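Secondary and tertiary structure notes
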Amino acid sequence: MRRVLLALVAMLVVALGAGAPASAVTGGTPDGNGHPYGALLLVPGLTFCSGTLVDEDVVLTAGHCTDGWNLLKVREVWVTFDAFAAVDPVTWLPTGGTWYRTSRWSTHPSYVEANWPFTT
């Protein structure tokens, strides 16, 4: 049930924000390139999350973002660091910006789905 609700919310957010800038906000104002290591992670047709580049090829994101990807047989995740990026509202595929694809991720072994959203 949680996955269905999450998918519906994600579809609504993408539909409302398709083509909108994916930029950081500082003090209520878009900060342009003020957070160059902020990432947008996208699993077309399923979900999206934010993350932070912590090494040259490692993005850190929340456990609830990656937890179900193996069960759902996700094959790839798209990642962008652009201040402005666009996603097609029908296909959920990137249409603007620079995107990178990965097929590797892991969820912290201590993550407990049943505790979400009150995880420690």
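Residues numbered from 1 in each chain as written. Predicted model: local features only at pLDDT ≥ 70, side-chain atom pairs only at ≥ 80, totals over all residues. Heavy atoms only, no water.

From N to C terminus, the protein includes 2 helices and 9 strands. Ordered by position from the N terminus, the helices and strands of the protein form the series α-β-β-β-β-β-α-β-β-β-β. Counting every position in the protein, which comprises 120 residues, the buried fraction comes to 23%. Put simply, 57% of the contacts in the protein that link residues at least 6 apart link residues at least 24 apart. When the accessible area of the protein is evaluated, it comes to approximately 8200 Å², of which 59% is carbon and sulfur surface. (Helix = DSSP H or I, 4+ residues; strand = E, 2+ residues; numbered from the N terminus. Buried < 20%, exposed > 50% of the residue type's maximum accessible area, 1.4 Å probe, protein only. Contact = heavy atoms within 4.5 Å. Areas by Shrake-Rupley, 256 points an atom, 1.4 Å probe, with all protein chains shown as cover.)

The subject of this paragraph is the pairing of strand 4 (residues 47–55). Sheet analysis places strand 3 (residues 38–43) next to strand 4, joined by 6 bridges and oriented antiparallel. Counterpart to L42 in the pairing with strand 4 is F48. With antiparallel pairing between neighbouring strands as the criterion, strand 3 and strand 4 make up a hairpin whose turn holds 3 residues, including G45 at a positive phi of roughly 80 degrees. Here 3 bridges tie strand 4 to strand 5 (residues 58–60), and the two strands are oriented antiparallel to one another. The partner of L53 across the bridge, within strand 5, is V59. What sits between strand 4 and strand 5 in their antiparallel hairpin is a turn of 2 residues. (Pairing = 2+ DSSP bridges.)

A word on the confidence of the model for the protein. When pLDDT is averaged across the protein, the result is 78; 71% of the residues are at 70 or more. The low-confidence segment residues 4–22 (pLDDT under 50) makes 24 contacts with residues lying over four places distant or belonging to another chain. (pLDDT = per-residue confidence, 0-100.)

Right, let's get into the sheet that holds strand 9 (residues 99–102). Overall, antiparallel pairing links the 5 strands, which are arranged 5-4-3-6-9 in an open sheet. Two strands lie at the open edges of the sheet, namely strand 5 and strand 9, each paired on one side alone. Between one strand and the next, the sheet's axes are offset by a mean angle of 40 degrees, whatever the strand orientation. (Axes fitted to C-alpha atoms, helices over the stretch in contact; angles between N-to-C directions.)

As for its placement among the helices and strands, C65 is situated in helix 2 (residues 63–66). Residues C65 and G51 lie 14 residues apart in sequence; the distance between their C-alpha atoms is 9.7 Å.

Attention now goes to the packing of aromatic side chains. Scanning the entire structure with this criterion turns up 2 aromatic pairs. When the ring of W69 is compared with that of W105, the centres are 5.3 Å apart and the planes differ by 90 degrees; the resulting orientation is edge-to-face. Taken together, the positions of W69 in the loop between helix 2 and strand 6 (77–80) and W105 in the segment after strand 9 put the pair 36 residues apart, joining distant regions of the chain. The residues W69 and W105 share a single accessibility class, namely buried. (Phe/Tyr/Trp six-rings, centres within 6.5 Å; stacked < 30°, edge-to-face > 60°.)

Time to look at the side chain of T66. Mapping T66 onto the fold places it in helix 2. Among the polar contacts made by the side chain of T66, one reaches the side chain of T107 at a distance of 2.6 Å. Those residues in contact with T66, other than ones at most four positions away along the chain, are T61, W105, S106 and T107. (Polar contact = N/O pair within 3.5 Å; in protein donor to acceptor, adjacent residues only side chain to side chain.)

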